[in-house]
Amino acid sequence: MDLLSTALPALGEAFSLIFHPEQIMFLMLGVLLGLSVGVFPGLGGIAGLSMVLPFIYGMDPVSGLALMVGLVAVIPTSDTFASVLMGIPGSSASQATVLDGFPLAKKGEAARALSAAFAASLFGGLLGALILTFFILIARPLVLAFGLPEMLMITLLGLSMVAILAGRVALKGVAAAGLGLMVGTIGEAAAAGSLRMATYDIPYLIDGLKLVIVGLGIFAVPEIVALLRQDRPISRSGGLGAGWLDGVRDWASNLFLSFRCAIIGVIVGVIPGLGGSVVDWIAYGHTVQSTKDKRRFGSGDIRGVIGPESSNNAKEGGGLVPTLIFGIPGSGSMAVFIGGLALLGYDAGPQMIQSNLDLTYTIVWSLALANVFGAGLCIAFSTGIARLTTIRFSLLGPFLFMLISFAAFQSGQSLGDLVALFVIGLLGIFLRRFDWSRPAFLIGFVLSHQAENFSNMAHQVAGAKFRVSLESGFSYIASPIVLGILALTVLSVVIGIRQAKQILPEGEVPTGRKRAPFVFLLCVTGYLMIAWIDAMQIRMMSDKIFPVTVSSITLICCLLLLIRMMRAPETDIIFTDRAADTEDINAAHSLWGTLAWFAGLLVLSSLIGFVLALPLFLVSFLRIRAGLNWPRVLILSAAGIGFMIAMAGWLHRDFPPGLLQELVRLPWPLGDA
């Protein structure tokens, strides 16, 4: 009764906040942004949130949350368009939908597949919010039992699961997560202020890399470059066919399947670090295993759409459990969401549940309401969106480069942001090419700071307790909760190693020659070796122990991978390389030629400023690369520049300045305001 007396007023306050007209407006804006981002393959919740993150500085907390939640909620729904209409996974959470959704579209039943997917997504999202509402009632007293050792163990559990289950080669998953952890240690250490992989000669690195830049570089840049290389429309057909009501009836007749897969989505979302990279495959596997007649799966079975789509929206609700209660991201998008909460002045974790329960419920039910809006808008805009995907990507790519460059600059207001975006983007391209888990890297980066803090603080407290007595020390570090989580961690590793080959978070990737994957692994190993030497030279043990431990473990993984590469034949999955894919081989443009356009925009911005560089970039790209005539080039370029200036003016943001702005004082938008 005490729980209800606390929770019900908070729930009532949350509903009063959610249904305020201003919050509804921001929620709808987030939904529209999420819909815009989700229809493009690869630009999922991580890239979408990374784009809006710089713009929520100073916003009202509820409005900022409504904007972020609206965007996050609709992407698992809108990314269905790419999976069904194009046969390209819209994001890591919609890969399994391709298996049966795309064959249905080729049969002229795209409308049926889309409507069934949207109905399943809506149901999964609402069920996830409902479960989370009641779970929080139980979780609030439980979090009081979690101290530093317990939080550290949960962090390790999340890292172990994302590393093992995020790829076909378990060691690659561990190495990717370890690399992310090490990149997260760059800069000034929190404990004693030692500099790691940074010097005062490069002031930009002292504060470390920003989450916005890492999110955009690892996920958005590689996908934009990959699509630009093809120089063709995303989809060759904008037709939807008939059958909107048939899809809804299909979902209704498979309601129990949808319910089971939604429960799977919530459970997988609750486990820190798993998230969208595996949830749809688990749900799809359950769908196939629980069906007697399996012959139509893979060739157009509507149940193969309903199962995964029910789970990936419910996963967002489940992902909020570790995110809000423990401060551990349940997925890549939740990792960025934690960064957004921090910008609004809130720290995810036990203190948020205890002190801001009304805000917690606002997040939960904003997610549910956004699912309703998102499903409705997806159905309403389906025909238009299908037509949009028939536009050549060379007409869309330059504007996406424009947006991510501007968004990256907002994180630190420094030209170093643009350099970091390019470097991390290049790393993301190679991680994607050689099938290294990008979700594992990102979550390793996000968890790096808190994993180090938890381990340092737990070490200090444990040391004090051991000085009192052995019994006191062991009771602190080996509590029943710690031992239970340790057992789950070991179990997850054992099960993960057995199932790793069946999970394809980046889709099927062919094997190539030995040389390129081997050289990339040598580069990663070289960086880790330099980081290990750098960490060993640190005098303060509190700043030294974490990077030394992580780099040592990751180096061992890399050395084992090197040994396997030297012994294995070229057909071994350790040599996966997207450059061996038919689409990559037959791409109209080279990787470096495409990347040079992006580099050109950044170099021009550093010389003459972003606003002056933008017309040169857009006009050159649209005329030379896209091959448009001059009237269309000028109209599209003017529209893009006008949109950027209007958006920056509305949000009171400056553009990246160049050397010119340091020599000559120019009025906004050519210079600082």
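A. Quick look at the environment of Ser455. Checked against the element boundaries, Ser455 lands in helix α20 (residues 438-468). Take Ser455: its relative accessible area is 21%, and that puts it in the partly exposed class. Along the primary structure Ser455 and Leu152 are separated by 303 residues, whereas in three dimensions their C-alpha atoms are 6.3 Å apart. In this structure, Ser455 is in contact with Leu152 and Phe546, ignoring residues within four places of it in sequence.

B. Structural detail: α20. The terminal C-alpha atoms of α20, which comprises 31 residues, lie 44 Å apart, in line with the 45 Å expected from a rise of 1.5 Å per residue. At Leu447, α20 shows its maximal bend, which comes to roughly 45 degrees.

C. Expanded view of the packing of aromatic side chains. Here the structure, examined in full by the defined rule, presents 13 aromatic pairs. Relative to Trp592, the ring of Phe430 lies with its centre 6.2 Å away and its plane at 50 degrees, an arrangement referred to as tilted. Of this pair, Phe430 sits in helix α19 (residues 415-433) while Trp592 sits in helix α26 (residues 591-608), placing them 162 residues apart in sequence. Site record: aromatic cluster; members linked through ring pairs are Phe430, Phe434, Trp436, Phe520 and Trp592. The ring of Tyr204 is capped by Lys210, whose NZ or CZ atom sits 5.6 Å from the centre of that ring.

D. Focus on the packing of helix α9 (residues 170-184) against α20. Orientation of α9 relative to α20, taken along the N-to-C sense of each, is 40 degrees, at an axis distance of 7 Å. The handedness of the crossing between α9 and α20 comes out as right-handed. Facing Gly173, Ala176, Ala177, Leu179, Gly180, Leu181, Val183 and Gly184 of α9, the residues of α20 in contact are Ala440, Phe441, Gly444, Phe445, Leu447 and Ser448. Of the residues contributing to the contact of α9 with α20, the split by class is nine nonpolar, five polar and no charged.

E. View of the packing of α19 against α26. Where α19 contacts α26, the axes come no closer than 9 Å and their chain directions differ by 170 degrees. By the angle between their axes, α19 is roughly antiparallel relative to α26. Between α19 and α26, the contacting residues are Leu415, Leu418, Leu421, Phe422, Leu426, Ile429 and Phe430 on the first element and Leu591, Trp592, Leu595, Phe598, Ala599, Leu602, Ser605 and Ser606 on the second. Residues belonging to the contact of α19 with α26 are distributed by class as follows: 13 nonpolar, two polar and no charged.

So, how was this worked out
- Residues numbered from 1 in each chain as written.
- Predicted model: local features only at pLDDT ≥ 70, side-chain atom pairs only at ≥ 80, totals over all residues.
- Heavy atoms only, no water.
- Helix = DSSP H or I, 4+ residues; strand = E, 2+ residues; numbered from the N terminus.
- Buried < 20%, exposed > 50% of the residue type's maximum accessible area, 1.4 Å probe, protein only.
- Contact = heavy atoms within 4.5 Å.
- Expected span 1.5 Å × (residues − 1).
- Bend = angle between axes of the 7 residues up to and from the residue.
- Phe/Tyr/Trp six-rings, centres within 6.5 Å; stacked < 30°, edge-to-face > 60°.
- Lys NZ or Arg CZ within 6 Å of the ring centre and 35° of its normal.
- Axes fitted to C-alpha atoms, helices over the stretch in contact; angles between N-to-C directions.
- Left-handed = near helix turned anticlockwise from the far one by under 90°.
- Nonpolar A, V, L, I, M, F, W, Y, C, P; charged D, E, K, R; others polar.
- Parallel < 35°, antiparallel > 145°, perpendicular 65-115°, else oblique.

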